[in-house]
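# Topology and contacts: notes
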Amino acid sequence: MRLIIVGFGNVGQSFAKLILSRSADLYSTYGVNPRIVACIDKKGAVVCPSGIDLQKLLDIKKIKGTVVEYRSEGCKSLEDDVVEQTDSDVLLELTPTNLQNGEPGISNIISAMRSGKHVITTNKGPLALAFPSLMELANYNNVMLRFSGTVGGGTPILEFAKRCLKGDRILSFKGILNGTTNYVLTRMEQGLSFESALRDAQEKGIAEATPELDIDGYDAAAKVSIIANWVMGMKKTICDVERIGIAEVTLERIEEAQKRNNSIKLIGMTENRKLIVRPMEVSKFDPICVNGTLNAVTFSSEHSGQQTIIGRGAGGMETASAVLRDLIEIKNSVYEM
Ligand code: HSE
């Protein structure tokens, strides 16, 4: 499979490392033989139809800070229209999330789908802002759009609801969808101040580049809208989510909750088909009451009742594993084994 990678940051580089370490068993187990034919970062692109040497690309990126410096026979640096002009099967859209206008993710995804490429993205912006129209465009162009890594990092929250609960009707969901705020609230419960807890989370590399996106609940709201569209068939955007972040959660409020054997958590949920993100008191015995950077979501379905999925919700390698999962799914669906 010929792939274009757009965005060669933490997730993109982790994906390259994952492919390098798994190439033999990816082919023998899944029949997947990924060949990266183009890689684009902020400074430009390298295009190499015979396939880019990934170890060399990782080394160049580390030393020079950009993929543009990659040199090899048959490869060229390009400026414009790389996604549209390069022959490939799948676009991996791994640019950082922009929740204001979804760019450059939206344009990359549209260019790829219009030129007949399947798309895998870890970018929450395009989906949080334009889920229904992007799905429509994917259907119109007869390509797949997959985005497992946008919710739960490597934890297959979307697949769990969509595939494992297939046939049942999801009535609602409720959970912790943001690792940074969960980490901050957990550390505050242990007596740390908000500021130092946030600094810790940033050092762990899980916070968004602009931490307000986590703290003010935007990241969780984006994920709530993605789940609502994909799993419950709603046609909503992040703008439809009622959102309150954790900035006003005090140590006193946390201590009071603890006396009742509860914790304060930033919860994303549906309630009577309304989409909500807000800090809530959750019983310590509730399975979604997980600590640290974990995510946890309980789905309530019509016939099978409540099921909870828990796992790590962020991280380069974790999210790269979700990209690989999506790639295998595309391979299985399109190039039917
Ligand atoms: N900032 C996000 C989080 C990263 O803390 O959960 C994963 O989407």
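Here's a quick rundown of the structure.

Thresholds applied
Numbering of residues starts from 1 in each chain and follows the order in which that chain's sequence is written. For a predicted model such as this one, the threshold for reporting local features is a pLDDT of at least 70, and the threshold for listing and counting side-chain atom pairs is 80 or more; totals across whole chains, interfaces and linings nevertheless cover every residue. As a convention, hydrogens and water are excluded, and side-chain values are obtained from all of the structure's heavy atoms. Helix numbering and strand numbering both begin at the N terminus, where a helix is a DSSP run of H or I of at least 4 residues and a strand a DSSP run of E of at least 2. Both definitions apply: the radius of gyration is a C-alpha atom measure, and the globule rule equals 2.2 Å times residues to the power 0.38. Working definition: with a 1.4 Å probe on protein chains only, accessible area under 20% of the residue-type maximum means buried, over 50% means exposed, and in between means partly exposed. Contact definition: two residues touch when any of their heavy atoms are within 4.5 Å. Accessible areas in this description were obtained via Shrake-Rupley with a 1.4 Å probe; residue shielding takes into account the shown protein chains only. Only four residue types enter the tally: Lys and Arg on the positive side, Asp and Glu on the negative side; His and the chain ends are excluded. For this purpose, a charge sits on NZ of Lys, CZ of Arg, CG of Asp or CD of Glu. The distinction between a cavity and a pocket rests on a 1 Å grid over the protein atoms alone: a 1.4 Å probe fits inside a cavity but cannot get out, while a pocket stays open yet meets protein on both sides within 12 Å along at least five of seven lines, and a residue with an atom within 4 Å of a point counts as lining. Grid points are joined across faces, edges and corners, and a volume is the space filled by probe spheres set on the points. Only Asp, Glu, Lys and Arg are considered charged, only Ala, Val, Leu, Ile, Met, Phe, Trp, Tyr, Cys and Pro nonpolar, and every remaining residue, Gly among them, polar. The term salt bridge refers to a side-chain nitrogen of Lys or Arg lying within 4 Å of a carboxyl oxygen of Asp or Glu. Strands were regarded as paired on the criterion that DSSP finds at least two bridges between them. In this description, a line fitted to the C-alpha atoms serves as the axis of each element, helices being fitted only across the stretch in contact, and the angle between N-to-C directions of two axes falls anywhere from 0 to 180 degrees.

On to the overall build of the protein, then. Helices and strands together make up the secondary structure of the protein, namely twelve helices and 13 strands. Over its C-alpha atoms the protein spans a radius of gyration of 20 Å, differing by no more than 12% from the 20 Å that the globule rule assigns to 337 residues. C-alpha atoms of the protein, sized along the principal axes, occupy 65 × 45 × 35 Å. Put simply, the protein has 337 residues, and 56% of those count as buried. Once local pairs closer than 6 in sequence are excluded, the contacts in the protein between residues at least 24 apart make up 70%. Accessible area for the protein stands at about 15000 Å²; split by element, carbon and sulfur atoms hold 47% of it. With 39 positive and 40 negative side-chain charges, the protein shows a separation of 3 Å between the mean positions of the two kinds.

Here the focus is the layout of surface pockets. For the second largest pocket, the calculated volume is near 150 Å³. Leu18, Arg22, Tyr30, Arg163, Ser321, Leu324, Arg325, Ile328, Glu329 and Asn332 are the residues that line the second largest pocket. Looking at the lining of the second largest pocket, the elements with two or more residues in it are helix 1 (10-30) and helix 12 (316-334). Considered class by class, the residues forming the lining of the second largest pocket number four nonpolar, two polar and four charged.

Evaluated as defined, the whole model comprises 17 salt bridges. Measuring nitrogen to oxygen at the nearest pair gives 3.2 Å for the salt bridge that ties Glu329 to Arg146. Taken together, the residues span a long stretch of sequence, with Glu329 in helix 12 and Arg146 in strand 7 (residues 145-146) at a distance of 183 residues. A residue is classified by how much of its surface remains accessible, and Glu329, at 18% relative accessible area, is buried. Here Glu318 makes a salt bridge to Arg312, at a shortest N to O gap of 3.0 Å. One network of salt bridges, with partners in common, ties together Lys124, Glu208, Asp219 and Lys223.

We now examine the sheet that holds strand 13 (residues 305-312). The strand order 9-11-10-8-12-13 describes an open sheet built from six strands, whose pairing is mixed. On the outer flanks of this sheet lie strand 9 (241-243) and strand 13, each paired with one strand and no other. Across the sheet, the axes of successive neighbouring strands diverge by a mean angle of 25°, strand direction being ignored. The sheet contact formed by strand 8 (residues 170-176) and strand 12 (residues 294-301) spans six bridges and is antiparallel. The residue of strand 12 that forms the bridge with Ser172 is Ser300. Running over the sheet, helix 6 (residues 157-164) touches strand 8, strand 12 and strand 13 and is turned about 20° from strand 12.

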